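For reference, the chains in residue letters:
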Amino acid sequence: MHVLKQRILTMLFLTLGLQAFAQQEPSKAKYIDPANMDFTIKPGDDFENYAGGIWIKNNPVPAKETRWGSFTILRDFNVKAVREILMESAADKSAASGSVKRRVGDFYTAAMDSLTIEKAGFTPVLPDYQRAGGVQNAAQVIDEVVYERTNGVANPLFGFFVGQDRKQPTVMVAQFSQGGTSMPDRDYYLKADARTKKIQAAHNAYITTLFALAGETEDAAKKKAEIIFALEKKLAAAQMSRVEMRDPYKTYNKFSVGDFTKRSPSFDWATTLTKLKATGQDSILVNSPKFFSVADSLLKAVPITEWQAYLQWNVLRSAAPYLSKPFVDANFAYNQALSGQKIQTPRWQRMSSLTDGTIGELLGQIYVEKHFKPEAKKRMDELIKNLVKAYEIRIKKLEWMSDVTKQKALDKLKAFTPKIGYPEKWRTYDGLEISSQTFYQNLRNAGRWSYEDMVSQLGKPVDKKRFGMTPPTVNAYYNPVNNEIVFPAGILQFPFFHMDADDAFNYGGIGAVIGHEISHGFDDSGSQYDKDGTLRNWWTPEDLTKFKARAKLLQEQYDAYTVLDSVHVNGKLTLGENIGDLGGLNAAYEAFKMTKQGQSNKMIDGFTPDQRFFLAWAQVWRSNTLADTKAQLIVTDSHSPSEFRTIGAPVNMDAWYEAFGVKPGNKLYKKPEERIRIW
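Below you will find a few notes about this structure. Quick caveat: nothing in here was measured; it's all calculated off a predicted structure. (Residues numbered from 1 in each chain as written. Predicted model: local features only at pLDDT ≥ 70, side-chain atom pairs only at ≥ 80, totals over all residues. Heavy atoms only, no water.)

Considerations on unusual backbone geometry
Stated formally: Put simply, DSSP marks the helices as runs of H or I at least four residues long and the strands as runs of E at least two long, and each gets a number from the N terminus on. Note on exposure labels: buried denotes an accessible area under 20% of the residue type's maximum, exposed denotes more than 50%, and partly exposed covers the range between, all computed with a 1.4 Å probe on protein chains only.
The omega torsion of the bond from Phe494 to Pro495 falls at 10 degrees, within 30 degrees of zero and hence cis. You will see that Tyr429, though not glycine, has its phi angle at about 60 degrees, which is positive. Positionally, Tyr429 belongs in the loop between strand 7 (417-421) and helix 19 (439-455). Look at Tyr429 and you get buried, because its relative accessible area is 5%. Of note, the phi angle at Asp605 is positive, near 55 degrees, even though the residue is not glycine. Take Asp605: it is sitting in the loop between helix 22 (575-592) and helix 23 (609-621). Under the relative-accessibility criterion, Asp605 is labelled partly exposed at 29%.

Put into structure tokens, the structure is as follows:
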């Protein structure tokens, strides 16, 4: 059971989940270290290994990780910085009751109190388990679903959140989404290849183990596992695919509350909305109406005993990572089957991340005070201005776009709102009770508080000052309904950025990040929102056709990349991120060429400025990933694997060919007329 936290609609730059490793900050002369490169390889044959092959060979995935990449240097710094803050806060007994330091310290103290957690065993969740198993009819099933959601227990059957109306972004609206399954994607229920069957078996074993730990007999636990898989498979079959879910029009379905009840009468949405505390709503948004029609039919057809098992399962699986060791071990065993991770991540690391994810704007206040330098924000302001200027130049020069659409694109670009580091106004979590004695209850309280905070936004003006990520996060995002690009403090450090580094390094790193996020406003999904964040077409039909044709070429480029065996990158699923990389790296290069270094040929460590620019980009993405994790991410992640992010954009840029002397005959060579140019 993690805290219920409904995020704003975002398009993420980085693949989440990478853990970090210790490495010293580079000396000034070695932001690009030749010792990490493999000079036996031609850059035009294998740019990934040319740029970082020695590093890749010398840095296999450690046992506690699923991936091992160079930018996890920064993740390591941040998770250790967070731990230091938490340990210091926990140890400071003089901190005033209710102070930021005391609340952060108490949360971490409870999370690390293994003796109390082990002694409690299953008891913290027993009342929820018994209540879920006592439902007697479909109406009580829905009441239990509502209870679990509003009280921070779990999120069964469907998704619910409060967010901006995409066609009226100044209005917050209640929104419902497909859900109800516990494996990472619908494909895990619907496919029957060997890899999928292995995951299904691990999932079955996980369900069985948790029910046995809850006191069920082995036979009863196995029976419940069969029931749950069968029910979730029916829910999965009703879900849209991840590719379909990327279409902002297909997932925009507005209903009056009465009309939606007619489509799914068992839910009685007027009553259910009241119980969800979403009062005063005459209309709602639904991303997948078909899903709710199927869920309605299942409420009528599935025996109540099976719903009891399903609801109990949701209680168990949400709580398992936070209970005693047998539950935590069962949770890890299942995740191990998904990812291939060898040993569990240390508890301090898991609990540090959990604290950040639960009360991140309390923890974040201490983090930025200690680790965010004002000069970094000032430099980011400058870089963003330069990237916007570069993007403007590139839009004006587009040969495939008409002047009418160019002006609309420029209007949108000028309306971008950048947010850097941390929010102007911190959330105070008023009313959230945190005790140093009760770990699981802290999570329940936080889940309840987060839910109340979310629904309280109904009927209020949109708060555009909010951040969708916590300050220590090593990530960035674009939010189309606010037309904003957001960079938490955590990413504004090496290897993305360094105050003392040359421009080639910073523009190839953080500059490309900025460009990537700007490009999300013009990718296949983000380009459907106008300058005000409204889902509304601003393209001429001819220009839109040309854009889609170019995007299709990029999709086909990534479709051709082989990840494992016969498994390929999903070019449709990753299209938005790939457009982001291509547009972002091009814009970053354009901005870099405006700098003094960009206009010179002065070499550093034997590399020209242009070479350093592309090597900085490659350095960000060098990594090793476990095979099982790769297989999972191909199904679930909208980002291409890092090795293809390294090469996918550069092979379409003339400057890369010129920088490294890439010629016909090199394996990565593309003819000039075949190089894809979008933004």
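A closer look at the nonpolar core
Keep this limit in mind: In this text, buried Ala, Val, Leu, Ile, Met, Phe, Trp, Tyr and Cys residues form a nonpolar core when linked through side-chain atoms within 4.5 Å. Residue contacts are counted whenever heavy atoms from the two residues lie within 4.5 Å of one another.
Grouped together as the largest cluster of nonpolar side chains are 192 residues, with contacts concentrated most on Phe160, Phe614 and Trp679. Setting aside chain neighbours within four positions, we find Trp679 in contact with Tyr391, Arg394, Ile395, Leu398, Met401, Phe522, Trp539, Phe547, Ile579, Gly583 and Asn586. Core analysis: the next-biggest nonpolar cluster, separate from the first, contains six residues, Val173, Leu285, Tyr529 and Leu535 among them.

Description of the pattern of salt bridges
Pairing between side chains of opposite charge can happen when their charged atoms approach one another. Applicable threshold: Any carboxyl oxygen of Asp or Glu that lies within 4 Å of a side-chain nitrogen of Lys or Arg is treated as forming a salt bridge with it.
Summed over all chains, the structure comprises 45 salt bridges. Residue Asp502 pairs with Arg612 through a salt bridge whose shortest N-O separation is 2.9 Å. Separated by 110 residues along the polypeptide, Asp502 in the loop between strand 9 (484-488) and helix 20 (503-520) and Arg612 in helix 23 bring together distant segments of the chain. Both residues of the pair, Asp502 and Arg612, count as buried. Between Lys531 and Asp532 there is a salt bridge, with the nearest N and O atoms lying 3.3 Å from each other. We classify Lys531 as partly exposed; its relative accessible area is 38%. Linked through salt bridges whose partners overlap, the residues forming this network are Glu361, Arg427, Asp453, Asp463 and Arg466.

Focus on the packing of helix 22 against helix 23
The description of two packed helices rests on the angle between their axes and on the distance between the axes. Threshold: Angles run from 0 to 180 degrees between N-to-C directions of axes, and those axes are lines fitted to C-alpha atoms, restricted for helices to the stretch in contact. Angles below 35 degrees are treated as roughly parallel, those above 145 as roughly antiparallel, those between 65 and 115 as roughly perpendicular, and all remaining angles as oblique. In this scheme, a crossing is called left-handed if the near helix is turned counterclockwise away from the far one by less than a right angle; it is called right-handed if the turn is clockwise. Note on residue classes: Ala, Val, Leu, Ile, Met, Phe, Trp, Tyr, Cys and Pro are nonpolar, Asp, Glu, Lys and Arg are charged, and everything else, Gly too, is polar.
Orientation of helix 22 relative to helix 23, taken along the N-to-C sense of each, is 150 degrees, at an axis distance of 11 Å. Comparing the axis directions of helix 22 and helix 23 gives the class roughly antiparallel. As for the relative orientation of helix 22 and helix 23, their crossing is right-handed in sense. Residue-level inspection shows Asp581, Leu585, Ala588, Tyr589 and Phe592 of helix 22 in contact with helix 23, the latter providing Pro609, Asp610, Phe613, Phe614 and Trp617. Classifying every residue of the contact of helix 22 with helix 23 gives eight nonpolar, no polar and two charged.

Comments concerning helix 14 (residues 304-319)
Since there are 3.6 residues in each turn of an α-helix, residues three or four apart along the chain are aligned in direction. Quick note on the threshold: Expected span of a helix, by definition, is 1.5 Å for each gap between consecutive residues, and there is one gap fewer than residues.
Taking 1.5 Å of rise per residue, the 16 residues of helix 14 would be expected to cover 22 Å, and the 23 Å separating its terminal C-alpha atoms lies within 8% of that figure. Counting buried residues in helix 14 gives twelve out of 16 residues, a clear majority hidden from the surface. Of all the positions in helix 14, only Trp307, Gln308, Ala309, Tyr310, Leu311, Gln312, Trp313, Asn314, Val315, Leu316, Ser318 and Ala319 are classed as buried. Residues of helix 14 that are buried sit in contact with helix 5 (126-132), helix 6 (138-150), helix 8 (194-213), helix 9 (218-238), helix 13 (289-301) and helix 19.

Concerning the environment of Val567
Residue position: Val567 is located in strand 11 (residues 567-568). When the C-alpha positions of Val567 and Arg677 are compared, they lie 27 Å apart, and in sequence the two are 110 residues distant. Excluding residues that lie within four positions of it along the chain, Val567 makes contacts with Arg195, Tyr561, Thr562 and Ile634.

Some details on the sheet that holds strand 5 (residues 253-256)
Stated precisely, the cut-off is as follows: Only when DSSP finds a minimum of two bridges between them are two strands counted as paired.
Taken in spatial order, the four strands make up an open sheet running 3-4-6-5, and their pairing is mixed. Either end of the sheet is taken by a strand with one partner, and the two such strands are strand 3 (159-165) and strand 5. The sheet shows a mean angle of 35 degrees between the axes of neighbouring strands, taken without regard to direction. Pairing geometry for strand 4 (residues 168-177) and strand 6 (residues 283-286), over two bridges, is parallel. Bridge pairing in strand 6 links Gln175 to Leu285.

Considerations on the side chain of Asn36
Counting through the fold element by element, Asn36 comes out in the loop between strand 1 (11-12) and helix 1 (47-58). You can call Asn36 buried: its relative accessible area is 16%. Not counting residues up to four positions away in its chain, the partners in contact with Asn36 are Ala51, Gly52, Gly53, Ile54, Trp55 and Arg622.

Here we look at the packing of aromatic side chains
Cut-off, in case you're wondering: Any two rings among Phe, Tyr and Trp, with Trp reduced to its six-membered ring, count as a pair given centres within 6.5 Å; such a pair is stacked if its planes are under 30 degrees apart, edge-to-face if over 60, and tilted if neither. We call a charge positioned over a ring when the NZ of a Lys or the CZ of an Arg lies within 6 Å of the ring centre and within 35 degrees of the ring normal.
Tallied over the entire structure, the rule returns 58 aromatic pairs. If you follow Arg83 out to its NZ or CZ, it ends over the ring of Trp348, 4.3 Å from the centre.

What about the packing of helix 15 (residues 325-339) against helix 24 (residues 627-636)?
One way to put it is that helix 15 packs onto helix 24 with a least axis distance of 6 Å and a crossing angle of 80 degrees. Between helix 15 and helix 24, the angle is such that the two are roughly perpendicular. On the side of helix 15, the interface is formed by Ala337, Leu338 and Ser339, while helix 24 contributes Asp628, Thr629 and Gln632. Here the residues of the contact of helix 15 with helix 24 are counted per class, giving two nonpolar, three polar and one charged.

Some words on the pairing of strand 3
Across the seven residues that make up strand 3, a large majority, six, are buried. Sheet topology places strand 3 next to strand 4; seven bridges connect them, and they run antiparallel. Bridge pairing in strand 4 places Gly163 opposite Val173. Hairpin connection between strand 3 and strand 4: a loop of two residues separates the two successive antiparallel strands.

Here's the deal with the environment of Pro664
Residue placement: Pro664 occurs in the segment after helix 26 (654-660). Here the alpha-carbon distance between Pro664 and Gly44, two residues 620 residues apart in the chain, equals 9.3 Å.

Looking at the environment of Phe607
Residue position: Phe607 is located in the loop between helix 22 and helix 23. By relative accessible area, which is 5% here, Phe607 ends up buried.

Coordinates in, geometry out; function isn't part of it.
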